[in-house]
Amino acid sequence: MTNSMTEKSLPAKRPLADWLRWNVAKLVVAPTFALIIFFVYGFIAWTGYVSFTKSKMLPTYSFDGIYQYVRLWKMSTWHVAMENLLVFGGLFILIAIVLGCLLAVALDQRVRAEGLLRTVYLYPMAISFIITGTAWKWILNPGLGLEKMFHSWGWESFSFDWLINSDMAIYTLVIAAVWQSSGFVMALFLAALRGVDSEIIKAAYLDGASLSRIYLVIILPTLRPVFLSSFFILAHMAVKSFDLVVALTGGGPGNSSIMPANFMYEMTFRRNQIGLGAASAMMMLATVMAIVIPYLYSELRERKHG
Amino acid sequence: MATLTIQNVKKSYGAVDVLKGIDLELENGEFLVLLGPSGCGKSTLLNMIAGLDTITDGEILINNKVVNDVHPKDRDIAMVFQSYALYPNMTVERNIGFGLEMRKVTKEDRERRVDEAARMLQIDHLRDRKPAQLSGGQRQRVAMGRALVRKPEIFLFDEPLSNLDAKLRVEMRTEIKKLHQRLGTTMVYVTHDQIEAMTLASRIAILREGEIQQFASPQEVYERPANMYVAGFVGSPAMNFIPATVVSENDRLGVSIERTARGERSSVFLALPDDLQSIGEWIGREVILGIRPETLTHRSDAEMTQNKRLQPFDCQVEVLEPTGADTLTYIELGGREVIARVNPYNTSNPGETMAFMVDMGKASLFDPKSEMRI
Amino acid sequence: MADIASLPGGNSPWRSAGRFGLYFLLISFGAYYILPLIVVLSTSFKDLDEIRNGTLLSLPAEINLESWRYAWSEACIGVSCTGLKPYFWNSVMMTIPAVLISTVLGALTGYALTKFKFRGANMVFAMILFGCFIPFQVVLLPMAQSLGFLGLANTVPGLVLVHIVYGLPFTVLFFRNYYVSIPDDLIKAATIDGAGFFTIFWRILLPLSPPIIVVTIIWQFTQIWNDFLFGASFTTGGGQPVTVALNNLVNTTTGVKRYNVDMAAALITAAPTLAVYVLAGRYFVRGLTAGSVKG
Ligand SMILES: Nc1ncnc2c1ncn2[C@@H]1O[C@H](COP(=O)(O)OP(=O)(O)OP(=O)(O)O)[C@@H](O)[C@H]1O
Ligand SMILES: [Mg+2]
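Residues numbered from 1 in each chain as written. Chains lettered and ligands numbered in written order. Predicted model: local features only at pLDDT ≥ 70, side-chain atom pairs only at ≥ 80, totals over all residues. Heavy atoms only, no water.

If you look chain C up in an unreviewed UniProt entry, it shows as Carbohydrate ABC transporter permease from Kiloniella laminariae. In its Subcellular location (unreviewed entry) section, UniProt records this for chain C: "Cell membrane". The record in UniProt for chain C states the following under Sequence similarities (unreviewed entry): "Belongs to the binding-protein-dependent transport system permease family." (UniProt positions renumbered as here; feature names shortened; annotations may be inferred.)

Here you go:
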């Protein structure tokens, strides 16, 4: 309820009981808020600070300016990681959205066994990226996987070695990530399609528009918010992606499919370069914020207008 | 039963002043209706009486004790919400008994009182249903039952009938009235329906943009509206407002109204009754004459000789709107469209000139600038 | 909305061709999603000879559970050859309390932030919400230090703490968005009836909450069970959750590569979340799309 029962202090009859009654909401929120303040904001501040020091195996607290950032941006591995993020993120988002949207429109045509198909499209969402990586590693395995299957079907020249090809390894990540996430995008689109006002469609139909035109010109434009949400959710996933790389390519061959999250982990926990790890983490945070802040801004603005 | 006093109560949300100093005083057992258009602050005031909203400034007293900082549950009030606010997961019986349960009333006592309330409202056959399985009218009754069973000092109603269809609304209105007569509890009732206000209230407070326009009995509000806003808000069809000039003719004060009849300009003189003769200072100045449609009707010479306040004039009929009991007759006076309520057997056809009389004893005069009653 | 298909005038040969294309599309993508599961499942039932001689899609000659048994209780994870069993239980012990505690805290916080708004409640919510968006890399280092300081490094309670803290923004978001849609009048009525903060929560809000509780529990369960980053960063050896153990098992390179065991181990790891999804996924999608995503 609006602003109620909290602002004014009370007569001194039973001070404690009354105080509790008027402040219980704050007391209930306090533990959660304290945890977030400490573990989110405090920790970010700590990481931020360490990124400005020359910490190696143990954190040191003498301020050293942007040394670590300069070093980070001079490392070719970091450049590879950022480029990979761009390639992986771009393809992953694009394909997942197109596929999710396509499947949602297709499922929306009163098809038989819709429930079964939906379940099939969606189940990968429940699975850990580690498992996804393990499974696709086996399927894409050059010796025993897809390649062998096509050979045994008589397509002797078929070769599929992306997993061990440093130019192509990054695309195997796209295949597996799309497999895991596009069903979720489909679910978002499907829910939105089901919410489209059916009278608009009937009106367009009476005007003689064909089904494909109705979708392209009338329905999809109204789904703009879903496109946006999907974009931001997927972008966020892309920046965070760590497990899939570990399980599917291990960042290899060489460092060819490494991502920023793996870089950070490697520096922090394997190479004892805490300062550098912190700097790369802050760069990741900056990347996410560059995506999220415009999103939240547009969401809030839309809600005000709506 | 309780008295309720509201002293200079204000409420602001940030820079927005929603209530700008409300003063009200209620006797034991009164039925106060807060009447006003949407957004004028009625619910806000009610919530503050209930203790559901903080008070920015001023004091609210129940039984002469300041309750500003008393928790709602200790104020001994019950409230019926516009949305009914029935607990969706509880049966009707538990909904009604919840307040008693919270107050640790024993089970037998609770059952007895729930029983009593349910029977009073004729919902005892619905006791085991959930709110979702009830019709709108039934939900309304349950919401009332929930308030009734507590036997509070004050009942608060926030537009309790506005979600019902017209017929049910009239029925429930009567029931609420009966309830008040039986219980004699002080009640505060919010509505934007002026008919509800007139039928239920012992006193009406008319709110506009957070300010009280008039606080008086329904009859007084109707007959002696404090300003043009109140006059226009109460009554249907609304009061006619006619620009006029105060003049003196043959030693009598009256108003002169300009009009155009068959292309010719002329004026109508209507003498003011004796109790309005004291407005000499207004001679020659513009006023707004307020006439309720039912005080403007076809001329009857018999009545006119009995009642000196009835003033005659002739006017051309423009449009007729029969309503059954009366026919609303539209004429033009002072450049305005004016409605007269005429017996259907005495109407003239549109275009014809008809003889009217107006009861100036029931007329109001307003200052055109301040819109206040003179 | 595709009622159009049933409107008159749509029965041309083009329409039949369109329907055919539609089902072709739906089924081929169905295959893309389902085949990996079938491949993994069938591989886990094969023995190594069958794997070497057959192909991905060739079916196992018999349902052979040997590799499942081996993955569960014998496979080597790093140097200790205990199978996934102890790690699986680590994950269970980690997931259950973390899911329950973060859900309860999220529900109470979401309730307090919507129904008992105090000054600054929206600001508090925005600050909590921020936690949904951070890449966890920015907290890994200080968290590792803090866990060590608290004596929780490499322990299940340590992981429980981590998952509660970083799950809270999501649970608060879910409950808050659900509770804003519940009318305030209900709380006002209960307040006048004499119910206090916790009574209103327990007697009125909670009975209305099962849809969002299901969403939150499924979300938290899959997130926590499937987590790899925190497990890999804060645990080693016997304290690892099952996802980390699975990765180690797959990458342990002693002796012959036993793909069937890898696949069985992957399925064992996936079993709980898949089971939850199959049992309650419907409610999850419904709840998620109805409430939280729309905002
Ligand atoms: N929490 C709030 N913050 C800012 N303004 C508010 C808030 N609550 C109400 N108001 C404003 O206060 C004014 C009065 O609101 P209130 O609900 O009392 O109106 P009302 O007279 O009950 O109207 P209705 O007949 O529509 O119920 C409105 O203009 C509303 O916009
Ligand atoms: Mg209101």
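Let's pick the thread back up.
Draft legend 1. Layout of the overall build of chain A. Looking only at helices and strands, chain A features 13 helices and zero strands. Taken from N to C terminus, the helices and strands of chain A fall in the order α-α-α-α-α-α-α-α-α-α-α-α-α. The C-alpha radius of gyration computed for chain A amounts to 25 Å, which surpasses the reference 19 Å derived for 306 residues by more than 25%, pointing to a less compact arrangement than a globule. Judged by the C-alpha coordinates and their principal axes, chain A covers about 90 × 65 × 30 Å. Sorting the 306 residues of chain A into buried and exposed places 53% on the buried side. (Helix = DSSP H or I, 4+ residues; strand = E, 2+ residues; numbered from the N terminus. Rg over C-alpha atoms; globule rule 2.2 N^0.38 Å. Buried < 20%, exposed > 50% of the residue type's maximum accessible area, 1.4 Å probe, protein only.)

Draft legend 2. Broad picture of the sheet that holds strand β1 (residues 4-13) of chain B. All names here are of chain B. One open sheet holds the four strands; their spatial order is β2-β1-β4-β5, and the pairing between them is antiparallel. Both outer strands of the open sheet, β2 (16-26) and β5 (65-66), are each paired with one neighbouring strand and no more. With two bridges connecting them, strand β4 (residues 57-62) and β5 associate as antiparallel partners. Pairing of Ile62 across the sheet is with Lys65, part of β5. Packing of helix α1 (residues 42-50) onto the sheet brings it into contact with β1, β2 and β4, and relative to β1 it is tilted by some 120°. (Pairing = 2+ DSSP bridges. Contact = heavy atoms within 4.5 Å. Axes fitted to C-alpha atoms, helices over the stretch in contact; angles between N-to-C directions.)

Draft legend 3. Region of interest: the domain arrangement of chain C. Residues and elements named next belong to chain C. Domain annotation of chain C identifies domain 1 (4-64) and domain 2 (85-292). Relative to domain 2, the C-alpha centre of domain 1 lies at a distance of 34 Å. On the side of domain 2, eight residues touch domain 1, which itself brings nine residues to the contact. Taking both sides of the interface into account, the surface hidden between domain 1 and domain 2 amounts to around 670 Å²; carbon and sulfur atoms contribute 82%. If you sort the residues of domain 1 by the area they bury against domain 2, Val40, Ser44 and Leu48 come out on top, with a joint share of 57%. Listing elements by their share of the side of domain 1 that touches domain 2, those giving two or more residues are α1 (13-45) and α2 (48-53). Each residue belonging to the side of domain 1 that touches domain 2 can be placed in one class, and the counts come to five nonpolar, two polar and two charged. (Domains from an automatic or database assignment. Buried area = accessible area lost by both parts, 1.4 Å probe. Nonpolar A, V, L, I, M, F, W, Y, C, P; charged D, E, K, R; others polar.)

Draft legend 4. Local environment of the domain arrangement of chain A. Residues and elements named next belong to chain A. Taken domain by domain, chain A consists of domain 1 (2-50) and domain 2 (76-305). Taken over C-alpha atoms, the centre of domain 1 sits 39 Å from the centre of domain 2. Contact residues are listed per partner, giving four residues for domain 1 and six residues for domain 2. Here domain 1 packs against domain 2, burying approximately 360 Å² in sum over the two surfaces, 91% of which is carbon and sulfur. Considering only the surface of domain 1 that becomes buried against domain 2, Ile44, Thr47 and Val50 emerge as the three largest contributors, covering 83% of it. Where domain 1 meets domain 2, there are zero salt bridges. At the junction of domain 1 with domain 2, the criterion picks out zero residue pairs in polar contact (both at pLDDT 80 or more). Of the residues belonging to the side of domain 1 that touches domain 2, the class tally is two nonpolar, two polar and no charged. (Salt bridge = Lys/Arg side-chain N within 4 Å of Asp/Glu carboxyl O. Polar contact = N/O pair within 3.5 Å; in protein donor to acceptor, adjacent residues only side chain to side chain.)

Draft legend 5. Just the environment of Gly254(B), in detail. Residues and elements named next belong to chain B. With respect to the helices, strands and loops of the structure, Gly254 is situated in strand β12 (residues 252-261). Assessed through its relative accessible area of 0%, Gly254 is described here as buried. Between the C-alpha atom of Gly254 and that of Phe241, which follows or precedes it by 13 residues, the distance is 16 Å. Discounting chain neighbours no more than four positions away, the residues touching Gly254 are Thr245, Val246, Val247, Phe269, Leu270, Ala271 and Leu272.

Draft legend 6. Focus on the pairing of strand β9 (residues 203-208) of chain B. All names here are of chain B. Where strand β3 (residues 31-35) meets β9, four bridges bridge the pair, whose relative direction is parallel. Considered in β9, the bridge of Leu35 is made with Ile206. Between β9 and the antiparallel strand that follows it, strand β10 (residues 211-216), lie two residues; Glu209 among them carries a positive phi value of about 45°.

Draft legend 7. The arrangement of helix α10 (residues 210-226) of chain C in detail. Taking 1.5 Å of rise per residue, 17 residues should cover 24 Å, and α10(C) covers 24 Å from first to last C-alpha, within 8% of that figure. Of all the residues in α10(C), the buried ones are Ile212(C), Val215(C), Thr216(C), Ile218(C), Trp219(C), Gln220(C), Phe221(C), Thr222(C), Ile224(C), Trp225(C) and Asn226(C). (Expected span 1.5 Å × (residues − 1).)

Draft legend 8. Highlighting the UniProt feature "transmembrane region" (unreviewed entry) in chain C. Residue and element names in this part refer to chain C. Under the UniProt annotation, "transmembrane region" (unreviewed entry) lies at residues 20-41, 92-113, 125-144, 156-179, 200-221 and 263-285. Note that residues 20-41 is 100% helix and 0% strand, and that its end C-alpha atoms are spaced 30 Å apart. Annotated as 70% helix and 0% strand, the span residues 125-144 places its first and last C-alpha atoms 27 Å apart.

Draft legend 9. Representation of the interface of chain A and chain C. Each partner contributes residues to the interface: chain A has 102 residues there, and chain C has 98 residues. Taking both partners together, chain A and chain C bury about 9,100 Å²; carbon and sulfur atoms supply 76% of that area. Connecting chain A to chain C are zero salt bridges. The tally of links from chain A across to chain C stands at 20 residue pairs in polar contact (both at pLDDT 80 or more). It is helix α1 (residues 15-50) of chain A that provides the largest number of residues to the side of chain A that touches chain C, a total of 17 residues. Taken together, the residues of the side of chain A that touches chain C sort by class into 74 nonpolar, 16 polar and twelve charged.

Draft legend 10. Structural detail: the confidence of the model for chain C. Residue and element names in this part refer to chain C. With 91% of its residues at a pLDDT of 70 or more, chain C has an overall mean of 85. Highest mean pLDDT in chain C belongs to helix α4 (residues 85-115) (94); lowest belongs to α2 (75). With pLDDT under 50 throughout, residues 291-295 is counted as low confidence; its partners more than four residues away or in other chains account for nine contacts. (pLDDT = per-residue confidence, 0-100.)

Draft legend 11. Representation of a nonpolar patch on the surface. On the surface, a nonpolar cluster with roughly 420 Å² of combined accessible area is contributed by Leu16(A), Trp19(A), Leu20(A) and Leu27(A). With respect to the helices and strands, Leu20(A) occurs in helix α1. (Patch = residues over 30% accessible without salt bridge, like charges linked within 9 Å, V, L, I, M, F, W, Y side chains within 5 Å. Areas by Shrake-Rupley, 256 points an atom, 1.4 Å probe, with all protein chains shown as cover.)

Draft legend 12. Broad picture of the pattern of salt bridges. Residues and elements named next belong to chain B. Overall, the coordinates contain 19 salt bridges over all chains when judged by the stated rule. One salt bridge in this structure joins Lys11 and Asp53, with 3.6 Å as the shortest N-O distance. With Lys11 in strand β1 and Asp53 in the loop between α1 and β4, this residue pair connects regions lying 42 residues apart in the sequence. Asp53 sits in the buried class, given a relative accessible area of 6%.

Draft legend 13. Up close: the nonpolar core. Membership of the largest hydrophobic core comes to 238 residues, with the highest contact counts inside it found for Val188(B) and Tyr166(C). The greatest single-element share of this core, amounting to 16 residues, is contributed by helix α7 (residues 169-195) of chain A. When near neighbours in sequence (up to four residues on either side) are disregarded, Tyr166(C) contacts Phe39(A), Val40(A), Phe43(A), Ile134(C), Phe136(C), Val139(C), Met143(C) and Phe230(C). Formed by 45 residues, the second largest nonpolar core is a distinct cluster that contains Ile123(B), Leu126(B), Ala147(B) and Leu164(B). (Core = buried A, V, L, I, M, F, W, Y, C linked by side-chain atoms within 4.5 Å.)

Draft legend 14. Region of interest: the packing of aromatic side chains. Here the structure, examined in full by the defined rule, presents 46 aromatic pairs over all chains. Between Tyr41(A) and Phe130(C), the aromatic rings sit 5.4 Å apart at their centres with planes inclined by 25°, giving stacked as the arrangement. One end of the pair, Tyr41(A), is in helix α1; the other, Phe130(C), is in helix α5 (residues 121-130), on a second chain. Here Tyr41(A) falls in the partly exposed class, since its relative accessible area comes to 26%. Taking the relative accessible area as the measure of exposure, Phe130(C) reaches 22% and is therefore partly exposed. Between Phe241(B) and Phe366(B) the ring centres are 5.9 Å apart and the planes differ by 75°, which places this aromatic pair in the edge-to-face class. Highlighted residues: Phe241(B) in strand β11 (residues 240-249) and Phe366(B) in strand β20 (residues 364-366), separated in sequence by 125 residues. (Phe/Tyr/Trp six-rings, centres within 6.5 Å; stacked < 30°, edge-to-face > 60°.)

Draft legend 15. View of the sheet that holds strand β17 (residues 327-333) of chain B. Residue and element names in this part refer to chain B. Spatial strand order, β15-β19-β16-β17-β18: five strands in an open sheet with antiparallel pairing. Each edge of the open sheet is held by one strand with a lone partner, namely β15 (296-298) and β18 (336-342). Along the sheet, successive strands turn relative to each other by an average axial angle of 50°, direction set aside. Note that strand β16 (residues 310-322) and β17 share five bridges and pair antiparallel. Looking across to β17, one finds that Val317 is bridged to Ile331.

Draft legend 16. Region of interest: the confidence of the model for chain A. Residues and elements named next belong to chain A. The share of residues in chain A with pLDDT of 70 or more is 93%, and the mean pLDDT across the chain is 82. Looking across chain A, the model is least confident in helix α6 (residues 146-152), with a mean pLDDT of 74, and most confident in helix α3 (residues 76-107), with 92. Within the model, pLDDT remains below 50 along residues 1-12, and this stretch shows 39 contacts once partners closer than five positions in the same chain are excluded.

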